[in-house]
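Commentary on secondary and tertiary structure
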Amino acid sequence: MHIPGLRQGLTAVLLLAISASGGAAAEPAASAGFYVTPWPAGRAVPQLVVTGLDGKVWNLKDLRGRAVLLNFWASWCEPCRAEMPSLQALAQLEGDMRLVVLAVNFKESSTAIARYAQAVQLQLPVLPDLQGTLARQWGVSVYPSTILIGADGRVRSTVRGEVDWMGSAAQRLVEPLLPKSP
């Protein structure tokens, strides 16, 4: 996990993994390799209207009814690169009518992002955050970080660090976000 400026020690020990639904604390986050923190009560949800590398405009409001994972990453970040295949597999498994995974790239040029995406055959929508504005608005300073948003449009939590999105721990995070089947 790449953590620019984060103090280790007590801070890491105190962070606990919690369920995406904001329930009771689970195992200490350090044992899972990632940290889950609830979206702060009363904190406004930043707007998200951004044009992807492919020219499509993504608006968070238009995605209501589907779970959304906003994954903040960079190609220079090894844990980001390591988790990307499982994020892509999760998106394909759930289908875009249930889950949308948006890969928000942190401060890299469009050329560098496109080159990386092509090299690894990344099929997720890639949203450039050229100045780091989206990361600041969403409170992201650790890479990778993923914002979990329920199908009801409510932001549930932030996951900091590398996750195997096809694993059981991730399933417990994602399942409560998905739209309910009729």
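First, a word on scope: everything that follows refers to the structure included in this document. Since the structure is predicted, the reported quantities are computational estimates derived from the model, not experimental observations. (Residues numbered from 1 in each chain as written. Predicted model: local features only at pLDDT ≥ 70, side-chain atom pairs only at ≥ 80, totals over all residues. Heavy atoms only, no water.)

Section: the sheet that holds strand 6 (residues 67-73)
Across the sheet, six strands lie side by side as 3-10-9-6-7-8; this open sheet has mixed pairing. Here the strands that pair on one side only, and so sit at the sheet edges, are strand 3 (35-38) and strand 8 (126-129). Within the sheet, the average angular offset between the axes of one strand and its neighbour, ignoring direction, is 20°. Bridging between strand 9 (residues 145-149) and strand 10 (residues 155-160) involves five bridges; their strand directions are antiparallel. Among the inter-strand pairings, Thr-146 is bridged to a residue of strand 10, identified as Val-159. In the packing of helix 3 (residues 78-94) onto the sheet, the strands contacted are strand 6, strand 7 (99-106) and strand 9, and the crossing angle to strand 6 comes to about 165°. (Pairing = 2+ DSSP bridges. Helix = DSSP H or I, 4+ residues; strand = E, 2+ residues; numbered from the N terminus. Axes fitted to C-alpha atoms, helices over the stretch in contact; angles between N-to-C directions. Contact = heavy atoms within 4.5 Å.)

Observations concerning the state of the cysteines
Using the criterion set out here, one finds one disulfide in the structure. Each sulfur of the disulfide joining Cys-77 and Cys-80 lies 2.4 Å from the other. Given an S-S torsion of about 80°, the disulfide between Cys-77 and Cys-80 has right-handed geometry. (Disulfide = S-S within 2.5 Å.)

Observations concerning the packing of aromatic side chains
Inspection of every chain in the model, using the stated rule, returns four aromatic pairs. Here the aromatic rings of Trp-76 and Tyr-143 are separated by 6.2 Å at their centres, their planes lie at 70°, and the arrangement is edge-to-face. Taken together, the positions of Trp-76 in the loop between strand 6 and helix 3 and Tyr-143 in the loop between helix 5 (133-137) and strand 9 put the pair 67 residues apart, joining distant regions of the chain. Measuring from ring centre to ring centre gives 4.6 Å for Phe-106 and Tyr-143, while their planes differ by 25°; the resulting arrangement is stacked. (Phe/Tyr/Trp six-rings, centres within 6.5 Å; stacked < 30°, edge-to-face > 60°.)

Here we look at the environment of Asp-164
Here Asp-164 is to be found in the loop between strand 10 and helix 6 (168-174). Separated by 130 residues in sequence, Asp-164 and Phe-34 place their C-alpha atoms 9.9 Å apart. Ignoring any residue separated from it by four or fewer positions in sequence, one finds Asp-164 in contact with Ser-86 and Ala-170. Looking at Asp-164, its side chain comes within polar contact range of the main-chain nitrogen of Met-166, at 3.0 Å. (Polar contact = N/O pair within 3.5 Å; in protein donor to acceptor, adjacent residues only side chain to side chain.)

Considerations on the pairing of strand 7
Burial analysis of strand 7 places eight of its eight residues in the buried class, the great majority of the element. The alternating pattern of strand 7 places Leu-99, Val-101, Ala-103 and Asn-105 and Val-100, Leu-102, Val-104 and Phe-106 on opposite faces, both of which are buried. Bridging between strand 6 and strand 7 involves seven bridges; their strand directions are parallel. The residue bridging Val-68 from the neighbouring strand is Val-100, located in strand 7. Considered for its hand, the β-α-β crossover made up of strand 6, helix 3 and strand 7 is right-handed. In this structure, strand 7 lies alongside strand 8, joined through four bridges in parallel fashion. Looking at strand 8, one finds that Phe-106 is bridged to Asp-129. Note that the unit made of strand 7, helix 4 (residues 110-119) and strand 8 has a crossover that is right-handed. (Buried < 20%, exposed > 50% of the residue type's maximum accessible area, 1.4 Å probe, protein only. Right-handed = clockwise from strand over helix to strand, strands pointing away.)

Side note on the environment of Thr-146
Its location among the elements puts Thr-146 in strand 9. For Thr-146, a relative accessible area of 0% puts it in the buried group. Along the backbone, Thr-146 and Ala-103 are 43 residues apart, and their C-alpha atoms lie at a distance of 9.1 Å.

Details of the nonpolar core
Core analysis: the biggest nonpolar cluster contains 52 residues, and Leu-69, Leu-70, Phe-72, Trp-138 and Trp-165 have the highest contact counts within it. Here this core takes seven residues from strand 7, the largest share from any one element. Those residues in contact with Leu-70 that lie beyond four places of it in its chain are Leu-48, Leu-102, Val-104, Trp-138, Ser-145, Thr-146, Ile-147 and Ile-149. (Core = buried A, V, L, I, M, F, W, Y, C linked by side-chain atoms within 4.5 Å.)

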